[in-house]
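Observations on chain architecture
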Amino acid sequence: MVVIDQGTFGSACSHGNCGYVSPSHILPLCSPGAVASSLKTLFSKNSPFKIRARIDTKMWWWFLKFAMRCNQANMIQAGHARHAMLSSSRKLYQSMIDDGRLGDCEWESIGLMFVHSDRKHFESFEATNQLLIDEFGESFERLDQAELLRREPALTDFACGAWMYDGDAHLRPHLLMKSWRSLLEAKQVEIRENCEFYDLESSGSNTYAIQTSQGRIEADQVIFATGAWSRMIQQKLKARIPVEPGKGYSITMQRPEICPKYPMLFEDHRVGITPTATALRIGSTMEFAGFDASLREDRLQLLTDAAKLYLHDPIRNPVVERWTGWRPMSCDEIPMVGRVPRYGNVWLAAGHGMLGLSMATATGKLISEMITGQTPHIDPHPYRLNRF
């Protein structure tokens, strides 16, 4: 088996994300009211969710498809597809941690807090919580301000309350990728870095090799896990792959003196906090700006400004890393996992949005089951490529 990477192994969104393994993230962004809130960002100077208007027909086609799915029925449908994969993946991670297959990646399974500063928003989540109970059998614990500050003394009283999901876990992404690499190499998997895919060599519906910047590689099966770059290969695969790069940012620093115990999402500011044994990471924002790789100071400032509102000790200098990367956002917020329709032995695993790490283990298992003809452990139908 050969794995090729156009860069270095684990250096894209696998490196700088917030490290959440989050079955809590059941509901998609494409929900009722999302279109109106998204359009406002066109005129907002610096919103956590930002669309940078440009001439890009693929991006606007993506937004049209996204907008068409912003209704209750499609939100619930996407939620069930996401819930199945998230729940499976969480169990698989735990199994690999428990039996030692994954090494030290600073894994902690203590849940995730959804922290609010706006009481109206805090109270309105009650209806969402009831929906999650009724549709998915999942629920959050309500923490009013006094209980929240008791459990998490790193927070200031700017936080008015939180909803706690006990089933989430978190880890250090770069340590996870180090463990994955060790596992692969122990199984004699060859990893070729800085190796760019050029084309398929096929006869009819069968692909027998790929062409790369490092030469030709013969193949019985080909799997593309190409993230935000997936739309760039859709002509080669003769398939529609509606994935748009959603740019995110993170800042990693040493643990401050008053460090949070729990990972948290500051819901009203769309900023995440991940404390680990050796660091504190502040991350998030969503920017649709194509493949612009610049580190914008105004976007990084959003992260630190939010941290200063919620945390007693928000910033520890020197900063270890300032990072940006692209999430592979599918237009229906459901990943694409399955066989490419034009070919009998070519597969795609992409479009996981902000949940690539959270869904990784279930995605790998599902692809493996379909290739080897096993009964899939979750229904593959919602993730099929020909749904668009």
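Going by what an unreviewed UniProt entry lists, the protein is known as D-amino acid dehydrogenase small subunit and is assigned to Rosistilla oblonga.

Interaxial distance between helix H4 (residues 72-98) and helix H5 (residues 119-136) falls to 11 Å at its minimum, and their mutual angle equals 65 degrees. Crossing handedness for the pair H4 and H5: right-handed. Residues Gln72, Met75, Ile76, Gly79, His80 and His83 of H4 touch H5, and the partners they reach there are Leu131, Glu135 and Phe136. For the contact of H4 with H5, the per-class residue count stands at 4 nonpolar, 4 polar and 1 charged.

Spatial ordering of the open sheet is given by S12-S19-S18, a layout of 3 strands whose pairing is mixed. In the strand order of this sheet, the two ends are held by strand S12 (222-224) and strand S18 (336-339), each with one partner. Averaged over all pairs of adjacent strands, the angle between their axes in this sheet comes to 15 degrees, without regard to strand direction. When S18 meets strand S19 (residues 346-350), the two strands line up antiparallel, connected through 4 bridges. Bridge pairing in S19 links Arg339 to Trp347.

With 25 residues, the main nonpolar core has Met113, Val115, Leu148, Leu155, Phe266 and Leu311 as its most contacted residues. Those elements that place two or more of their residues in this core are strand S4 (112-116), strand S6 (161-165), strand S13 (243-253), strand S14 (264-266), strand S15 (271-275), strand S16 (280-288) and helix H9 (297-310). It is H9 that provides the largest number of residues to this core, a total of 5 residues. The residues touching Leu155, leaving out its near neighbours within four places in the chain, are Val115, Leu148, Leu149, Met264, Phe266, Tyr310, Leu311 and His312. Counting residues in each nonpolar core, the second largest holds 19 residues, with Val222, Ala239, Val346 and Ala350 among its members.

Here we take up the packing of aromatic side chains. Counting across every chain of the model gives 17 aromatic pairs. When the centroid spacing of 5.3 Å and the interplanar angle of 40 degrees are considered together, the rings of Trp62 and Phe288 count as tilted. In this pair, Trp62 is assigned in helix H3 (residues 57-68) and Phe288 in strand S16, connecting sequence segments 226 residues apart. You'll find Trp62 and Phe288 in the same group, each marked buried.

What follows covers the pairing of S13. Working note: regular strand, side chains alternate between the two faces of the sheet. Among the 11 residues in S13, 11 count as buried, and that is most of the element. Burial along S13 is two-sided: Val243, Pro245, Lys247, Tyr249, Ile251 and Met253 and Glu244, Gly246, Gly248, Ser250 and Thr252, pointing in opposite directions, are all buried. By the bridge criterion, 11 bridges tie S13 to strand S17 (residues 319-330) in an arrangement that is antiparallel. Paired with Gly246 across the strands is Arg327, a residue of S17. Pairing of S13 with S16 involves 6 bridges; the strand directions are antiparallel. Looking across to S16, one finds that Ser250 is bridged to Gly283.

This part takes up the sheet that holds strand S9 (residues 197-203). The strand order across the open sheet built from 3 strands is S9-S10-S11, with neighbouring strands paired in antiparallel fashion. Looking along the sheet, the strands with just one partner apiece sit at the ends: S9 and strand S11 (215-218). Strand-to-strand twist across the sheet, computed as the mean angle between neighbouring axes with direction ignored, equals 25 degrees. Examined bridge by bridge, S9 and strand S10 (residues 206-212) share 6 bridges and lie antiparallel to one another. Looking at S10, one finds that Glu201 is bridged to Ala209.

How each quantity is defined
Residues numbered from 1 in each chain as written. Predicted model: local features only at pLDDT ≥ 70, side-chain atom pairs only at ≥ 80, totals over all residues. Heavy atoms only, no water. Axes fitted to C-alpha atoms, helices over the stretch in contact; angles between N-to-C directions. Helix = DSSP H or I, 4+ residues; strand = E, 2+ residues; numbered from the N terminus. Left-handed = near helix turned anticlockwise from the far one by under 90°. Contact = heavy atoms within 4.5 Å. Nonpolar A, V, L, I, M, F, W, Y, C, P; charged D, E, K, R; others polar. Pairing = 2+ DSSP bridges. Core = buried A, V, L, I, M, F, W, Y, C linked by side-chain atoms within 4.5 Å. Buried < 20%, exposed > 50% of the residue type's maximum accessible area, 1.4 Å probe, protein only. Phe/Tyr/Trp six-rings, centres within 6.5 Å; stacked < 30°, edge-to-face > 60°.

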